[in-house]
Every structure is written in structure tokens, then in C-alpha cells.
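Here are the chains, one letter per residue:
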Amino acid sequence: MNLVRPLSRAPSSVASSCQARSLAQTLLSCLAGGRLRRLLPAAHARAVVSEGLGDLFLANLLLRGYSKLGLLHDARRLFDGMLHRNLVSWSSAISMYAQHGGDEQALVLFAAFRKSFDEVPNEFLLASVLRACTQSRAVHFGDQVHGTALKLGLDVNIYVGTALINLYAKVACMDAAMRAFHALPAKNPVTWTAVITGYSQIGQCGLALDLFQKMGVQGVRPDMFVLASAVSACSVLAFLKGGREIHGYAYRSAAGMDASVVNSLIDLYCKCSRPLVARKLFDRTENLNLVSWTTMIAGYMQNSLDAQAIDMFWQMCQAGWQPDVFACTSTLTSCGSLEAIWQGRQIHAHAIKANLETDNYIKNALIDMYAKCDHLTAARAVFDALAHDDAVSYNAMIEGYSRQGDLTEVLHIFHRMRYCSIRPNLLTFVSLLGVSSFQSAVELSKQIHGLIIRSGTSADLYIGSALIDAYSKCSLVDDAKAVFLLMHNRDMAIWNAMIFGHAQNEQGEEAVKLFSQLRASGVTPNEFTFVALVTVASNLASMFHGQQFHAQIIKAGADSNPHVSNALIDMYAKCGFIKEGRLLFESTCGKDVVCWNSMISTYAQHGHAEEALRVFQLMREAGAESNYVTFVGVLAACAHAGLVDEGLHHFNSMKTKYGIEPGTEHYASVVNLLGRSGKLHSAKEFIERIPIKPAAAVWRSLLSACRLFGNVEIGRYAAEMALLVDPSDSGPYVLLSNIYASKGLWADVQKLRLGMDNTGTMKEPGYSWIEVMKEVHTFIARGTEHPQAESIYAVLDELTSLLKDFGYLPDTSELPLLGDNG
């Protein structure tokens, strides 16, 4: 039919009616086919020319056609120009707005319908209005529509009832949703999906799964939407068994191939720490979509498989997908965790190209990534460019500066945060406490504690752990204990923080008592508790306590944990039981880099250089990846053994072979290596070639070597350079004084003593300890703190007299600087 054929004259009413019916038939066929967009304007024009718009059926079909094409403006012009409207007209117009995001217009149109139209609304119209209420969160208006439905008896209609359930579920009014649900005499999968999804969204996933089970009992066959919602509920609960059962059902049904179900299953397996299973499902699925890729990338990130997350991001790009905000955010988080700045910058560039850089999630992820990669200038640039600051961005910047110990910038950002009236949250306070404890800023820690109390979060266990840790690191153990006692329903983190607090402050006996209280309270200790206890034994150098803790660890089945094993190896080494440490090392399965490092460092510290290097060779043969700490131990071993060439070889291989940037400890070890071999000039030249500013420890290493060989000239220079870096350090004074004393330069010794007095520098006392009858006794040089000090000194005097009788002459060359400081 030629819809645009010109008319020579106005048709008669009969002809017009026939024309309208003909146009209506054509439109009906177009609505079901694919020609609607091409023929609809022509049909509308024909109806106008033929005066066919007076036919209500044709007018409603045109309205329906415009609605289907999303041409809201044209539809509204047609609707407003209709001389006559019926219930279908109003329903079509309201439904159109509800379907295409015009929720406000839908509600306005419904109000106009109630005011100007005498007919009562039908179920289709009410369902459309309720959909608009749901999408615009207009709950009050929805309640009024609900009242209308009740009066008309339409609340039991499946369409209206399901729309009511959706409305209440979306705004978390699940009691009202369930009342509407129970009022329905018959329920379909859409109805069940609404309540199951509603409970999932508010975190009551157990109830969601109960409803899913009842749905099956009542013989309602779940569709793909119900299955996806049920799997999502299993994900939140980490209910792997239930998720697998649903997976099995989905696999047996056609829904198993639906992308929404597959994506929910991938998310389930990732959240249940089964990323390999998730990846197999991902690889076997043909109809993957953007959500599938994003979910898999996020899953890798959540399981700390950060390298795989980054790799998958690039695979996604190569496959032709355009990564969205969520994919970029997850990948940036992984880049931050790996400190992969190069990849992070690439993703930043991608976000700019994709016009995603203005998204707040992206900006916060970029700030976090740059901060974790110690590129705080870039992080600050992104932060300063934020249009709308939020607590997440401030926390990322505070944490970034905290990692570098930059207390000034941390406080500047925090003051700016408060000035902008952005309320600090738990993470803000934890970061602030972290940097204040790192800097031993006692007063700042107390001020932050005051702010925490004012914010009403002091009872939070996460905050409590941070406060205990901060006070412990500031040596305010009594304050830490006060916070501990105020915490109710203590979790393991609180107990561990307090035990570590005692351990850090060498209050081993208190830590042991606290552990007894922990066991008496019925709380089961975890691997971190045992690490803390073993650390106590290490600090006390108490083999008695160490073996007791080891026995309890074995009973608890925690001896296979790598953190615990590493702590035990370290404890045996510090107690001088190297063979026992080696036996434990040999019995450890799946040794990680920390385990290997512990053994290498143990041998190096005890002067067993050959054994340390042999363990390093075994480590390489086992394919374990060396890190920064590994080479600290290796170089220390080479220095002890005087293996200059081998030590320099390992130092040079750090960057070329292993990609590890040398740090202060490595440079100090090389200086020690050269110095111990008498190559003082080479050591001095090496320091002057260091690409970073040498730390005081590097110069002290040279100074120690000068003391060994009595080189006054280089020793004086090394001491001056060390004191320029750290004027408060007593080490250079003591070492240089010993060099002067060995050469008989007593005037120079006196000058050094006066220099120390003028700067207020105090020599730190040396400690020694011994374990007798299961008790550790600690001594300070010339100290009288021990309760049996008189008896001990009396015995020492007798032994000294006996030694002198046998001709022993003590070496007093290093005593002049000791004075009263011991």
C-alpha cells in the first residue's frame, strides 16, 4: 500500500473510516515486524490528511508505535492533539514514559488522568505508574497508588502485585513487599525474583535463599533472573555449596548459558576464593559480555592475584571490549598493590581516552594507586583536580603520606578535610594513628584519640586495635591497656594488638599473662597470636618460653602456617639454637621468600657465612624469588667472611639480574665488605658514587672499618659526614673516640666528649641477658637495677682479682667515652 499517495480531495466519512481501518491493519503488522521506523511517520501523515486521527483505535496504534520507537516528543504531541482519549490512550502514554526514563512525566500524567478522566485505572496503567514510582524512588506517591489498587481490588493482580513488590523491595521496605507478595493468589518467577533480589540487596541473603527454596517446593520453575539473584545471595554469604547446587541446576537447564547467571557464578567462585574455577567457567562461556570481563578482573583483584588482574585487563582490550569504570578501578587497585606504576600510568591514559577520568571512582582509584606506588606528586595532582572531594580521596592521600612518614602533609590534608566539612571515618583515624605512632608523636596520638571519642567511634574494634598499636609504639603501654580494657566483645585483632604491644615494649611476662587470659576467655588464638608470642620469646631470648609456645602451636595445628614458621626460625636463631632453627626450616613445606630470608639472615648474623651462602644457592635452585631482604643477608654473610669479589658480584647482580634497586642496607653492607678487607679508600670512593644520599648507617660502616684498622684521617671524615646526616646519633662519637684512644690522641677524645655534652647527645646503654632457671635476667653496663646486683659485682670483683693474679691486663683503650652512660 502506498501510504504517501497524494489525495485530491477530502474523503467522505465512510471512505475515511475505511482508510483508518486500512492504516490500522498496516500499523499492526509493522508493530510486530521491523518496518515500523520507516512506515510510522508516513502512516501518521496519511492519517492526518485523511482525517483518520478521529479513529481512536488508529490514534492509539500510532501512540503505541511512537512509544515503541522511544520517540517521546512525537508521541506526546500526538497525545496532546487527540480529541478523544480512552483508557488505552492514557495507559500507553504513561507506560511510554515509565519505560523510557520519563518517570516524573509519567506521575504528572497519572495525576492528570485521575483529575480529568472518569474511568478507573486498569491493572496495566497502575503497573506502569508503580514502575515509574520505583525508578524515581517516589515511595509516598507509590503508597497512594497502592491505596487506589486496594480500593479497586487490583492489589491481587499479578502485574500490579509484582510492581508493588518491586517498589517496596527497591527501597528496602521488605515488610511491605512481603505483605504484597503474600496477598497474591498466584505468583510467577518475576514475583519471586522481586522478593529474592530485595532481600539480597539489603544483605539478608539467608532469607533470600529460604525464599528460593520455597519457590522450588511450590513448583515454580526459576528463570535466569531468579537464578542470578540466588547465586548473588550465595556470594554474599560465601555459601559455596549452595552456589554449586544452583550452578548444577543452571547447567542442566537453558538458563545455564545466560550471561547474567554466568556472571553471578564467576562472582560467587571469586568471593569463595576459587578464582581458578571462575576462570574455567569464564573460558568455557561463549556469550561473555562486559560484566563478565569486569567480574573476572575484580575477582582476581579480590584474591590478591594482581598480576592476573592486570593481564586480564589487557586481554579484555585486545578482545575489542571497552573497559568501564569498574574494570579500570579494579585494575588500578591491583597496580597499587603491586606498585606497578608503569601499568598504572597506562590505565590512567586509557581512562583519559575513554573520558572516564572525571568519574570519582576512577579518581579515587588513581589517587590510591599513585600513593601506594610512592608517586605522591601525581597522586596530589589527581586529588587537587577533584571536583567533589570525598572521604575516600582524602583517606587515600593521608595513607599515601603516612606510608612515607610525612607527618606535615598528613596533618595538612586532614585539616583541609575538616575545613571542607568532610567527616573523617574509621580509615581516616586508623591512617592518622599509623603515622603518629610511626613518628612516636605521643601528643598527636592523644589528640586523635580525643577526636575519635567525639566522633562516637571509640568503641569500634578496628579503631581499638589501632589505638592500642599507637600507644604501644609510643611506649605508653598503660594507655594501651586502658583502651584494651574498655573494649567489649574483644575480637582476635584486639587481643593480638595488646600482646604485640607488650612484646614491643619488652614486657614479655605481661604478654604471657595476657595469652593465659585469652585462652581462659575461650577465644581461639590464631596464627597472628602465635607470631606475637614467638616474638616475645625472641625479644626475651627465652628458649623456655619459645619451646612452650612452639608446643602450643603444634597442638593448635598452626605450625604449617608460613608466618608462624618464619617467626619460630627467627626465635631459635635469636636464642642461639641455630641447629633447631635449621631443622624447622627443613621441615617447612612450601617455603616462601621470608622463610628463606630468615635462614640466610640467621647464618649471616652468627658468622656462618658459608652456610648462609649455601642456603642462598638452595633458594635459587628451588626457584624462589629473591627480594630486597635476601641480599641484605647475603651481603652481610660475604662481609663477615671477607668474600669481597663474591659480595660485589651479588651486589651488582641485584639490579641487572633480579631487578632489585639497592637500598641503604645494601650500600652499608658493601662498605662493610670493603672496609673489613682493609680497602678503606675503595669504600670511601664507593660511598661517594652512591646514586642516593648516603644514610648515617653507611658512613658508620666506614667508620667501624677505620676503627678496625686505626685510620684516623678517613675515620674523622666518615664521622663528620655521619653527624651531618644525623647529629643526634652517638655512634660516630663512640667509634671515632675509640680510634683516637687506640692512637693515644687523648686531647681529641676529650674534645669529642665535650662535643657530645654540648649537643646533648647521650650514648645508648648496651644490654646483655642470660636465662637461668626459666627466667631471663637483663643487665646494663655498670647498672645496679638487678635485685642481686651487689652479690653479682662482688663475684665479678673476685674473678677480676683471680685474673690479675694470673697476669691478665684489661684493654682500657675504649673506656674514655663511656663515662657514666655505660
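Parameters at a glance
- Residues numbered from 1 in each chain as written.
- Predicted model: local features only at pLDDT ≥ 70, side-chain atom pairs only at ≥ 80, totals over all residues.
- Heavy atoms only, no water.
- Helix = DSSP H or I, 4+ residues; strand = E, 2+ residues; numbered from the N terminus.
- Buried < 20%, exposed > 50% of the residue type's maximum accessible area, 1.4 Å probe, protein only.
- Contact = heavy atoms within 4.5 Å.
- Areas by Shrake-Rupley, 256 points an atom, 1.4 Å probe, with all protein chains shown as cover.
- Phe/Tyr/Trp six-rings, centres within 6.5 Å; stacked < 30°, edge-to-face > 60°.
- Lys NZ or Arg CZ within 6 Å of the ring centre and 35° of its normal.
- Expected span 1.5 Å × (residues − 1).
- Arc of directions from axis to C-beta.
- Salt bridge = Lys/Arg side-chain N within 4 Å of Asp/Glu carboxyl O.
- Axes fitted to C-alpha atoms, helices over the stretch in contact; angles between N-to-C directions.
- Parallel < 35°, antiparallel > 145°, perpendicular 65-115°, else oblique.
- Left-handed = near helix turned anticlockwise from the far one by under 90°.
- Polar contact = N/O pair within 3.5 Å; in protein donor to acceptor, adjacent residues only side chain to side chain.
- UniProt positions renumbered as here; feature names shortened; annotations may be inferred.
- Patch = residues over 30% accessible without salt bridge, like charges linked within 9 Å, V, L, I, M, F, W, Y side chains within 5 Å.
- pLDDT = per-residue confidence, 0-100.
- Core = buried A, V, L, I, M, F, W, Y, C linked by side-chain atoms within 4.5 Å.
- Nonpolar A, V, L, I, M, F, W, Y, C, P; charged D, E, K, R; others polar.

(A) Spatial organisation of the overall build of the protein chain. A tally of regular secondary structure across the protein chain gives 45 helices and 2 strands. The proportion of buried residues among the 822 residues of the protein chain is 47%. Contacts spanning at least 24 positions in sequence make up 60% of the contacts within the protein chain whose residues lie at least 6 apart. Accessible area for the protein chain stands at about 41500 Å²; split by element, carbon and sulfur atoms hold 55% of it.

(B) Quick peek at the packing of aromatic side chains. Tallied over the entire structure, the rule returns 18 aromatic pairs. Seen in terms of ring centroids, F651 and F686 are 5.7 Å apart; in terms of plane orientation they differ by 70°. Their pairing is edge-to-face. Linking F651 in helix α38 (residues 644-658) with F686 in helix α40 (residues 680-688), this pair joins segments that are 35 residues apart in sequence. Sitting over the face of the ring of Y717, K684 holds its NZ or CZ atom 4.9 Å from the ring centroid.

(C) Up close: helix α8 (residues 139-152). End to end, α8 covers 20 Å across 14 residues, agreeing with the expected 20 Å (1.5 Å per residue, within 8%). Listing the buried residues of α8 in full gives G142, V145, H146, T148 and A149. Along α8, the residues classed as buried sweep out an arc of 160° about the axis, all on the same side. Away from its buried face, by an angle of more than 90 degrees, α8 presents the exposed residues H140 and K151.

(D) Examining the pattern of salt bridges more closely. Applying the stated criterion to the full structure yields 13 salt bridges. With its nearest N and O atoms 3.4 Å apart, the salt bridge here joins E611 to R582. Separated by 29 residues along the polypeptide, E611 in helix α36 (residues 609-621) and R582 in helix α34 (residues 578-587) bring together distant segments of the chain. For E611, a relative accessible area of 27% gives the class partly exposed. Among the salt bridges present, the one from E661 reaches K655, with a minimum N-O distance of 3.2 Å. A relative accessible area of 48% means that K655 is categorised as partly exposed. One salt-bridge network, held together by shared partners, links R380, D384, E409 and R416.

(E) Structural context of unusual backbone geometry. Phi is positive for E339, close to 55°, though the residue is something other than glycine. The partly exposed category is assigned to E339, whose relative accessible area is 46%. Residues other than glycine seldom take positive phi values, yet N355 does so here, at roughly 60°. With respect to the secondary-structure elements, N355 resides in the loop between α20 (341-353) and α21 (360-372).

(F) Spotlight on the packing of α38 against helix α39 (residues 664-676). Look at α38 against α39: their axes get within 10 Å of each other, and the N-to-C directions meet at 160°. On the basis of their axis angle, the class for α38 and α39 is roughly antiparallel. The chirality of how α38 crosses α39 is left-handed. Packed against α38, whose contacting residues are V644, G647, L648, F651 and M654, the element α39 presents H666, Y667, V670, L673 and L674 at the interface.

(G) Looking closely at the side chain of H550. In this structure, H550 sits in helix α32 (residues 543-556). Since its relative accessible area comes to 13%, H550 is described here as buried. Within the local environment of H550, its side chain forms a polar contact with the side chain of Y572, the two groups lying 2.7 Å apart. If we ignore the near neighbours within four places in the chain, the residues touching H550 are L568, Y572 and L584.

(H) Local environment of the UniProt feature "repeat: PPR" (unreviewed entry) in the protein chain. In this structure's numbering, the residues bearing the UniProt feature "repeat: PPR" (unreviewed entry) are residues 55-89, 188-222, 289-323, 390-424, 491-525 and 592-626. The span residues 390-424 carries 74% helix and 0% strand; its end-to-end C-alpha distance comes to 10 Å. Secondary structure within residues 491-525 divides into 74% helix and 0% strand; the distance between the first and last C-alpha atoms comes to 10 Å.

(I) A look at a nonpolar patch on the surface. Residues Y793, V795, L796, L799, L802 and F806 make up a contiguous nonpolar surface patch of roughly 610 Å² in combined accessible area. Its place among the elements puts L802 in helix α45 (residues 789-805). Judged by its relative accessible area of 47%, L802 falls in the partly exposed class.

(J) Local environment of helix α15 (residues 259-271). Compared with the 18 Å implied by 1.5 Å per residue over 13 residues, the 18 Å span of α15 between its first and last C-alpha is a close match. In terms of burial, α15 is largely enclosed, as 11 of its 13 residues are buried. For α15, the set of buried residues is A259, V261, V262, N263, S264, L265, I266, D267, L268, Y269 and C270. For α15, the secondary structure elements touched by its buried residues are α13 (224-237), α14 (240-252), α16 (275-284) and α17 (290-302). Looking one or two residues past α15, S273 carries a phi angle of roughly 60°, positive in sign.

(K) Layout of the confidence of the model for the protein chain. Scored by pLDDT, the protein chain comes out at a mean of 81, with 88% of its residues at no less than 70. Confidence drops under a pLDDT of 50 for residues 1-12, and excluding neighbours within four residues, the segment shows 15 contacts in the predicted structure.

(L) How the structure looks around the environment of A365. With respect to the helices and strands, the residue A365 is situated in helix α21. Each C-alpha atom of the pair A365 and C328 lies 8.5 Å from the other, and the pair is 37 residues apart in sequence. Once residues within four sequence positions are removed from consideration, A365 is found in contact with T329 and L332.

(M) The nonpolar core, seen in detail. Residues I196 and L702 are the most contacted members of the largest nonpolar core, which totals 232 residues. In terms of residues, this core owes the most to one element, helix α31 (residues 527-540), which gives 8 residues. Contact partners of L702, with chain neighbours within four places excluded, come to V671, L680, A683, K684, I687, I714 and A718.

(N) Just the environment of M312, in detail. Mapped onto the elements, M312 comes out in helix α18 (residues 306-318). For M312, a relative accessible area of 0% puts it in the buried group. Considering only alpha carbons, one finds M312 and Y300, 12 residues apart in sequence, at a separation of 9.0 Å. Apart from residues no more than four positions distant in its own chain, M312 is found in contact with R279, F282, W293, M296, I297 and Y300.

(O) Here's a closer look at the packing of α36 against helix α37 (residues 628-641). Running from N to C, α36 and α37 point in directions that differ by 145°, and their axes come no closer than 8 Å. When the axes of α36 and α37 are compared, the crossing they make is left-handed. Mapping the contact onto sequence places A609, A612, L613, F616 and M619 in α36 and T630, F631, V634, A637, C638 and A641 in α37. Of the residues that constitute the contact of α36 with α37, the class distribution is 10 nonpolar, 1 polar and no charged.

(P) Here's a closer look at the side chain of H146. Positionally, H146 belongs in helix α8. On the basis of relative accessible area, H146 is assigned to the buried category, the value being 18%. Not counting residues up to four positions away in its chain, the partners in contact with H146 are L164 and Y168.

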